[in-house]
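Okay, here's what each chain looks like letter by letter:
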Amino acid sequence: GIVVGSDDQCRDGTVLVDYGFSHFVRVILAEKGEPLARFYIPNGAPPWLPAVVAETVQVVVPKAALGPIYTQVQQKPLALPLQRGDIVGEIVWEVPGASRYSALLIARQTVHPVWWVRVQRAAGPGLVAFLCLWLLRNFWQKWRKGGRRR
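Residues numbered from 1 in each chain as written. Predicted model: local features only at pLDDT ≥ 70, side-chain atom pairs only at ≥ 80, totals over all residues. Heavy atoms only, no water.

Participant: What exactly am I supposed to notice about the overall build of the protein chain here?
Facilitator: If you tally the helices and strands in the protein chain, you get 3 helices and 9 strands. Secondary structure elements in the protein chain, listed N-terminal to C-terminal, are α-β-β-β-β-β-β-β-β-β-α-α. Against the 2.2 N^0.38 benchmark of 15 Å for 150 residues, the protein chain shows a C-alpha radius of gyration of 29 Å, more extended than a compact globule. Viewed in the frame of its principal axes, the protein chain has a C-alpha envelope of about 105 × 25 × 20 Å. Looking at the protein chain residue by residue over its 150 residues, the buried ones come to 22%. Sequence-distant contacts, at least 24 apart, represent 61% of the contacts inside the protein chain between residues at least 6 apart. On the protein chain, roughly 11000 Å² of surface is accessible, and the fraction owed to carbon and sulfur atoms is 59%. (Helix = DSSP H or I, 4+ residues; strand = E, 2+ residues; numbered from the N terminus. Rg over C-alpha atoms; globule rule 2.2 N^0.38 Å. Buried < 20%, exposed > 50% of the residue type's maximum accessible area, 1.4 Å probe, protein only. Contact = heavy atoms within 4.5 Å. Areas by Shrake-Rupley, 256 points an atom, 1.4 Å probe, with all protein chains shown as cover.)

Participant: Sorry if this is basic, but what is going on with the environment of Tyr101 here?
Facilitator: As for its placement among the helices and strands, Tyr101 is situated in strand 8 (residues 100-107). Residues Tyr101 and Leu29, spaced 72 residues apart in sequence, show a C-alpha to C-alpha distance of 9.2 Å. For Tyr101, the contacting residues outside a window of four places in its chain are Leu29, Val59, Ile91, Val92, Trp93 and Val95.

Participant: Where do I start with the sheet that holds strand 2 (residues 35-40) in this structure?
Facilitator: Picture the strands of a sheet paired through backbone hydrogen bonds; they go either parallel or antiparallel. Strands sit in the order 2-4-8-7-6 across an open sheet of 5 strands; the sheet is antiparallel. Across the chains shown, the open sheet's two edge strands, defined by having one partner strand only, are strand 2 and strand 6 (70-75). Each strand axis lies, on average, 30° off the axis of its neighbour in the sheet, ignoring direction. (Pairing = 2+ DSSP bridges. Axes fitted to C-alpha atoms, helices over the stretch in contact; angles between N-to-C directions.)

Participant: Teacher, can you tell me more about the nonpolar core here?
Facilitator: Burial of nonpolar side chains together is a common tendency in soluble globular proteins. Membership of the largest hydrophobic core comes to 22 residues, with the highest contact counts inside it found for Leu29, Phe39, Ile41, Leu49, Val88, Trp93 and Leu105. If you list the elements that add at least two residues to this core, you get strand 1 (24-30), strand 2, strand 4 (48-53), strand 5 (57-62), strand 7 (87-94) and strand 8. (Core = buried A, V, L, I, M, F, W, Y, C linked by side-chain atoms within 4.5 Å.)

Participant: Hey, could you run me through the pattern of salt bridges in this one?
Facilitator: Opposite charge on two side chains lets them pair, provided their charged atoms get close. Under the defined criterion, the tally for this structure stands at 3 salt bridges. Across the salt bridge formed by Arg11 and Asp8, the nearest N and O atoms sit 3.6 Å from each other. In the salt-bridge network here, residues are joined through shared partners; they are Asp8, Arg11 and Asp12. (Salt bridge = Lys/Arg side-chain N within 4 Å of Asp/Glu carboxyl O.)

Participant: What is the right way to read the environment of Ala65 from this model?
Facilitator: Mapping Ala65 onto the fold places it in the loop between strand 5 and strand 6. On the basis of relative accessibility, which here comes to 29%, the residue Ala65 falls in the partly exposed class. Note: C-alpha distance between Ala65 and Val92 (27 residues apart in sequence) is 19 Å.

Participant: Whenever I open this one, the pairing of strand 4 confuses me. Can you help?
Facilitator: Within strand 4, 5 of the 6 residues are buried, which leaves it mostly tucked inside the rest of the structure. In this sheet, strand 4 lies alongside strand 2 in antiparallel orientation, the contact comprising 5 bridges. From the neighbouring strand, Tyr40 faces strand 4, where its bridge partner is Trp48.

What is shown is where atoms sit, not what they do.
Here's what the structure looks like:
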């Protein structure tokens, strides 16, 4: 569209494309499926969750402005269980000569609660408290009697 009114559209188009390739560079910020962060999931099995981007993120930057790229990762509040593909956070890039770019981070694998959390959820807090008191009572009785019965 820019070379439409030109006397030599082919030459002007070539000059324009050459300018673009010589003064700008494509930067890949993240590849699809590449682990970019690891989040600690309390009471999760496994306890560490790799977070990835769903799609490749790339930008075009002027070569003259190319410099260090600053990255910030933000984890969102999470509740177990987590399924593969659930949104777990966001990553933000500050690219000199370009702008601010962000992408959602998704779970690379499923994370389930550890076994004792599943038991507590299934049984309720009353049963867990009862079992703890029962174990404490048995320990107290054995300790008072001086150890094992023979």
